[in-house]
Amino acid sequence: MAEARGVLLPAYVVADESGSMAPYQRELGDGVASLCEGLRAEPMVAAKLRLAVLGFSDDVQVRLAVADMRTETTVPRLVIRGVTNYRAVFEDLLRRIPSDVKWLRGEGYRVHRPVVFLLSDGQPTDGTSWHAPHAELTDRNRTPTAPNIIACGLGDARAQTMVDVATRPEFAFLAKSGTDVGQAISEFFHSLTMSLVASGHALNSANPQLVVNRPDQFTMAIDEVGR
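Values in this document were obtained by computation on a predicted structure and should not be read as measured data.

Asker: Is there a simple way to think about the pairing of strand S6 (residues 148-153) in this case?
Answerer: Successive residues of a regular strand alternate their side chains across the two faces of the sheet. Buried residues dominate S6, accounting for six of its six residues. Bridge count between strand S5 (residues 115-120) and S6: six bridges; the pairing is parallel. In the sheet register, Leu 119 faces S6, and the bridge partner there is Cys 152. In this region the chain leaves S6, passes through helix H5 (residues 159-165) and returns to the parallel neighbour strand S7 (residues 172-175); the handedness of that crossover is right-handed.

Structural data, given as structure tokens:
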């Protein structure tokens, strides 16, 4: 058997593009740009990652397909549109992630369990219809490439929803009450960059693991449930 070309961590940034995010489009754009620049500044880390950026509202739009940030020169642009449909997110990931992992393995890489960072500023407009595809996506028996999901809520997002979306309670975060939404978005992308850089370094260690940093001005969502 041929030796693997290396080990990769596929990372998906899933950003809310619904109409309520319109006042913060600049912060979203700046955040995506800073993420890309941060990974390009760490080529040894970027070599271990493949980044995708997806925007969601009524549906999911690919703003950046899984890419090697050492060679990717474009900056993904998020587009404000529509409402907040969570079902579309998890149905898309249910198709996309197994396909991407299969492709990366076909390119000769070993692949760590993918990670999804979801940012949303509101409650899903599709009720509970997203629960079924989310359950299938995160069930490692049904979906062997089931990702770890980190959920960050701000604005009108509720703590319980973030806890339900995240694959572990400690992966669910909520912006603190009174926090400026634009600032929270900036903090999300800063924390995301630091998490991916730390995780990339960890892939080279004797104990490879996913590193998740809590964004500044965010609290553990599980601590806010029921308040």
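Asker: Even after reading the chapter, I still don't get the packing of helix H1 (residues 25-40) against helix H6 (residues 181-203), so can you show me in this structure?
Answerer: Packed helices, taken two at a time, are described by the angle their axes make and the gap between the axes. Packing of H1 against H6 brings their axes to within 9 Å, and their N-to-C directions diverge by 15°. As the angle between them shows, H1 and H6 are arranged roughly parallel. Crossing of H1 against H6: the hand is right-handed. From H1, Glu 27, Leu 28, Gly 31, Val 32, Ser 34, Leu 35, Gly 38 and Leu 39 reach across to H6, where they touch Gly 182, Ile 185, Ser 186, Phe 189, Leu 192, Thr 193, Leu 196 and Val 197. Residue composition of the contact of H1 with H6, by class: nine nonpolar, six polar and one charged.

Asker: Which parts of the structure should I look at to understand the UniProt feature "domain: VWFA" (unreviewed entry) in the protein chain?
Answerer: Under the local residue numbering, the UniProt record ascribes the feature "domain: VWFA" (unreviewed entry) to residues 10-192. The distance separating the terminal C-alpha atoms of residues 10-192 is 14 Å; by composition the span is 37% helix and 22% strand.

Asker: Would you take a moment to explain the packing of helix H3 (residues 86-106) against helix H4 (residues 131-138) for this structure?
Answerer: Across the interface, H3 lies against H4 with an axial gap of 8 Å and an inter-helix angle of 30°. By the angle between their axes, H3 is roughly parallel relative to H4. The handedness of the crossing between H3 and H4 comes out as left-handed. Of the residues in H4, those in contact with Arg 87, Phe 90, Glu 91, Leu 93, Leu 94 and Ile 97 of H3 are Pro 133, His 134, Glu 136 and Leu 137. Class assignment of the residues belonging to the contact of H3 with H4 gives a composition of six nonpolar, one polar and three charged.

Thresholds applied
- Residues numbered from 1 in each chain as written.
- Predicted model: local features only at pLDDT ≥ 70, side-chain atom pairs only at ≥ 80, totals over all residues.
- Heavy atoms only, no water.
- Buried < 20%, exposed > 50% of the residue type's maximum accessible area, 1.4 Å probe, protein only.
- Helix = DSSP H or I, 4+ residues; strand = E, 2+ residues; numbered from the N terminus.
- Pairing = 2+ DSSP bridges.
- Right-handed = clockwise from strand over helix to strand, strands pointing away.
- Axes fitted to C-alpha atoms, helices over the stretch in contact; angles between N-to-C directions.
- Parallel < 35°, antiparallel > 145°, perpendicular 65-115°, else oblique.
- Left-handed = near helix turned anticlockwise from the far one by under 90°.
- Contact = heavy atoms within 4.5 Å.
- Nonpolar A, V, L, I, M, F, W, Y, C, P; charged D, E, K, R; others polar.
- UniProt positions renumbered as here; feature names shortened; annotations may be inferred.

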